Amino acid sequence: MAGLRNESEQEPLLGDTPGSREWDILETEEHYKSRWRSIRILYLTMFLSSVVLNFSWITILKALYLFLQIDPTADTSFLGWVIASYSLGQMVASPIFGLWSNYRPRKEALIVSILISVAANCLYAYLHIPASHNKYYMLVARGLLGIGAGNVAVVRSYTAGATSLQERTSSMANISMCQALGFILGPVFQTCFTFLGEKGVTWDVIKLQINMYTTPVLLSAFLGILNIILILAILREHRVDDSGRQCKSINFEEASTDEAQVPQGNIDQVAVVAINVLFFVALFIFALFETIITPLTMDMYAWTQEQAVLYNGIILAALGVEAVVIFLGVKLLSKKIGERAILLGGLIVVWVGFFILLPWGNQFPKIQWEDLHNNSIPNTTFGEIIIGLWKSPMEDDNERPTGCSIEQAWCLYTPVIHLAQFLTSVVLIGLGYPVCNLMSYTLYSKILGPKPQGVYMGWLTASGSGARILGPMFISQVYAHWGPRWAFSLVCGIIVLTITLLGVVYKRLIALSVRYGRIQE
């Protein structure tokens, strides 16, 4: 058995208080293999979920311009609700799936959530069938995808309960890495279907159109079914305490009388609330950053829509690659300096990134004097921005004026953000965000201890979903009316307050077992 594990995975499995039968239980080789097979299936689940999310997101955006022609009653303002419905669905479903997983086998909640995602993808594939109200079917499909994504809480709670403290950070990093890989590879897979074109072929028997828009979601449905089969065949209920010893759990299909009882102790609710706030801020900041980079670069560098979508798409893909590297590095670094210090460092790096984005100097952006729109945020709804970015670049793109619209008064007195500034900021934010995201829910899982974490993880996921809704709303309003100087100054202020909060609760962000003296930090 020793040959199967590295040193960090072996040490917590040894009893450190001899004489007590309850704490001398060792993990068998069979249990160890089964436990890690189950955890790796959840890695795959997160990867597939990320790929499916990218499929649906990219496909919906690219198809929306055509979809508005399918349903004449749909307008671009309604698109804002379509986009937000995903996060709303996930925000509502996460605590529910978490509660379910606390009292029933986790595979039940996982399978149901994946089935909901499969149904959502199938519904999207048939949006062309109804004679009316197509826009509401799209809203439902997007919302169902969000509900299905609520299984993130189940995956994290299972991983937290099936790993020791020493295994936890590495396992959580692997989950985040699988999500990042799905984010990177999703668009790559998407391009494989462009040869089908917009018309594609029609399977008349079941009235199914197979084209560049429907094929990705159909593949997503197939991957979901494959994922369910793997979960049924491989996933088993496992639970260990913070030292790595087997614990009894209501989720266990078979409970051995030799298994240790779950250690008792009250959860530090102040630390729980603090981590939820930290996680919210981390996702809030990255969501607003994703939202603003396209209109920002169009205003600052006079990029066309085509250029903005292309270049910023490359930037976001590069950030995904950077995140994978960061997750690998954090797995090693956390063993030397601890998660709290890494989280603090991540917040500081993000603050520096946004501080660098503040406009300085005497050079101003090119002004767009024409009474036309370049799809910057002002004078358009959020839906119109997205539609504008995905319209065909051949639609008079070269004839559209570029630069910072005169309708934005701040364009006349706000200095330009130099490209070197922007790229440096992107690298720093791409460095700090993955660290803050990973360390937040890793610390959270340790603070909660070995008790079932489904509901708590559900609330954490819900806070992240709320952040992805509020972040774009916040930045769009501030940027439109006051420009990048005020927008990024306020973001810097938010980060400073968050760092202050972290400093206040720093000593409380420790594992439950460490807090009660069962394990040395």
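For the structure, check the block above.
A short tour of the structure in this document, coming up. Since this is a predicted model, take the numbers as computed values, not measurements.

1. Re the overall build of the protein chain
Part 1: In terms of helices and strands, the protein chain carries 15 helices and 4 strands.
Part 2: Taken across its 521 residues, the protein chain has 57% of its residues classed as buried.
Part 3: The contacts of the protein chain with a sequence gap of at least 6 include a subset with a gap of at least 24, amounting to 82%.
Part 4: Accessible surface, the protein chain as shown: approximately 22000 Å² in total, 66% of it carbon and sulfur.

2. Here's the deal with unusual backbone geometry
Part 1: Even without a glycine there, the phi angle at Ala302 is positive, about 55°.
Part 2: Along the chain, the position of Ala302 falls in the loop between helix H9 (269-301) and helix H10 (305-337).
Part 3: Ala302 sits in the buried class, given a relative accessible area of 19%.

3. Remarks on a nonpolar patch on the surface
Part 1: A cluster of nonpolar side chains, contributed by Trp203, Val205 and Ile206, occupies part of the molecular surface with about 330 Å² of accessible area.
Part 2: Mapped onto the secondary structure, Val205 falls in the loop between strand S1 (201-203) and strand S2 (208-210).
Part 3: Val205 gets classed as exposed once you look at its relative accessible area, which sits at 73%.

4. Some details on the state of the cysteines
Part 1: This structure, assessed with the given rule, holds 1 disulfide.
Part 2: The disulfide that involves Cys404 links it to Cys411, with 1.8 Å between the sulfurs. Its torsion about the S-S bond being -60°, the disulfide of Cys404 and Cys411 is classed as left-handed.

5. Re helix H11 (residues 339-356)
Part 1: If you check H11, its first and last C-alpha atoms are 26 Å apart, about what 18 residues at 1.5 Å a residue would give, namely 26 Å.
Part 2: Glu339, Arg340, Ile342, Leu343, Gly346, Leu347, Val350, Gly353 and Phe354 are the residues of H11 that are buried. Buried residues of H11 fall within an arc of 165° about the axis and therefore sit on the same side.

6. Description of the nonpolar core
Part 1: Phe289, Phe354, Phe422 and Phe488 are the most contacted members of the largest nonpolar core, which totals 107 residues.
Part 2: Residue contributions to this core peak at 20 residues, all from H9.
Part 3: Each of domain 1 (27-246) and domain 2 (266-367 + 401-520) gives at least three residues to this core.
Part 4: Setting aside residues no more than four positions away along its own chain, Phe289 makes contact with Leu319, Phe354, Leu357, Val426 and Ile429.

7. Things to note about the environment of Tyr124
Part 1: Tracing the sequence through the fold places Tyr124 in helix H4 (residues 106-125).
Part 2: Classification of Tyr124 as buried rests on a relative accessible area of 9%.
Part 3: Spatially, the C-alpha atoms of Tyr124 and Tyr213 are 9.5 Å apart, while their sequence positions differ by 89 residues.

8. Quick notes on the pattern of salt bridges
Side chains that differ in sign of charge can pair as their charged atoms come close.
Part 1: With the rule as written, the count across this model stands at 6 salt bridges.
Part 2: Between Glu167 and Arg35 there is a salt bridge, with the nearest N and O atoms lying 2.9 Å from each other. Of this pair, Glu167 sits in helix H7 (residues 165-191) while Arg35 is found in helix H2 (residues 29-70), placing the two residues 132 residues apart along the sequence. There is no split in this pair, since Glu167 and Arg35 are both buried.
Part 3: Where Lys446 meets Glu339, a salt bridge forms, and the shortest distance between an N and an O atom there is 2.7 Å. Of this pair, Lys446 sits in helix H13 (residues 419-448) while Glu339 sits in helix H11, and the two are 107 residues apart along the sequence. Glu339 carries the same exposure label as Lys446, and that label is buried.

9. Here's the deal with the side chain of Thr159
Part 1: Note that Thr159 resides in helix H6 (residues 152-161).
Part 2: With a relative accessible area of 0%, Thr159 lands in the buried category.

10. Here's the deal with the environment of Thr442
Part 1: Residue placement: Thr442 occurs in helix H13.
Part 2: Considered as a pair, Thr442 and Ser171 are 271 residues apart in the sequence and their alpha carbons are 9.1 Å apart.
Part 3: In contact with Thr442, other than residues within four places in its own chain, are Arg168, Thr169, Met172 and Glu339.

11. Details of the packing of aromatic side chains
Part 1: Per the stated rule, a full pass over the model turns up 15 aromatic pairs.
Part 2: Ring geometry for Trp351 versus Phe355: centroids 5.1 Å apart, planes at 20°, classification stacked. Linking Trp351 with Phe355, this pair stays in helix H11, spanning 4 residues, or about one helical turn.
Part 3: Among the residues examined, Trp351 registers a relative accessible area of 27% and is labelled partly exposed.
Part 4: An aromatic cluster of at least three residues, connected via ring pairs, comprises Phe286, Phe289, Phe354, Tyr433 and Phe488.
Part 5: Sitting over the ring of Tyr441, Arg156 keeps its end group 4.0 Å from the ring centre.

12. Here we look at the packing of H6 against helix H14 (residues 454-505)
Part 1: Relative to each other, H6 and H14 sit at 135°, their axes nearing to 8 Å. The orientation of H6 with respect to H14, classified from their angle, is oblique. In the crossing of H6 with H14, the sense of the turn from one axis to the other is right-handed. Every residue of H14 that contacts H6 at Val152, Ala153, Arg156, Ser157 and Ala160 is listed here: Gly454, Met457, Gly458 and Thr461.
Part 2: Tallied by class, the residues present in the contact of H6 with H14 amount to 4 nonpolar, 4 polar and 1 charged.

13. Examining the packing of H9 against H14
Part 1: For the pair H9 and H14, the least separation of the axes is 4 Å and the interaxial angle reads 30°. As H9 runs across H14, the sense of the crossing is right-handed.
Part 2: Of the residues belonging to the contact of H9 with H14, the class tally is 35 nonpolar, 8 polar and 2 charged.

14. Re the side chain of Asn102
Part 1: Structurally, Asn102 can be placed in helix H3 (residues 76-103).
Part 2: By relative accessible area, Asn102 is classed as buried at 10%.
Part 3: At a separation of 2.8 Å, a polar atom in the side chain of Asn102 contacts the main-chain amide nitrogen of Gly454.

Cut-offs applied
- Residues numbered from 1 in each chain as written.
- Predicted model: local features only at pLDDT ≥ 70, side-chain atom pairs only at ≥ 80, totals over all residues.
- Heavy atoms only, no water.
- Helix = DSSP H or I, 4+ residues; strand = E, 2+ residues; numbered from the N terminus.
- Buried < 20%, exposed > 50% of the residue type's maximum accessible area, 1.4 Å probe, protein only.
- Contact = heavy atoms within 4.5 Å.
- Areas by Shrake-Rupley, 256 points an atom, 1.4 Å probe, with all protein chains shown as cover.
- Patch = residues over 30% accessible without salt bridge, like charges linked within 9 Å, V, L, I, M, F, W, Y side chains within 5 Å.
- Salt bridge = Lys/Arg side-chain N within 4 Å of Asp/Glu carboxyl O.
- Disulfide = S-S within 2.5 Å.
- Expected span 1.5 Å × (residues − 1).
- Arc of directions from axis to C-beta.
- Core = buried A, V, L, I, M, F, W, Y, C linked by side-chain atoms within 4.5 Å.
- Domains from an automatic or database assignment.
- Phe/Tyr/Trp six-rings, centres within 6.5 Å; stacked < 30°, edge-to-face > 60°.
- Lys NZ or Arg CZ within 6 Å of the ring centre and 35° of its normal.
- Axes fitted to C-alpha atoms, helices over the stretch in contact; angles between N-to-C directions.
- Parallel < 35°, antiparallel > 145°, perpendicular 65-115°, else oblique.
- Left-handed = near helix turned anticlockwise from the far one by under 90°.
- Nonpolar A, V, L, I, M, F, W, Y, C, P; charged D, E, K, R; others polar.
- Polar contact = N/O pair within 3.5 Å; in protein donor to acceptor, adjacent residues only side chain to side chain.

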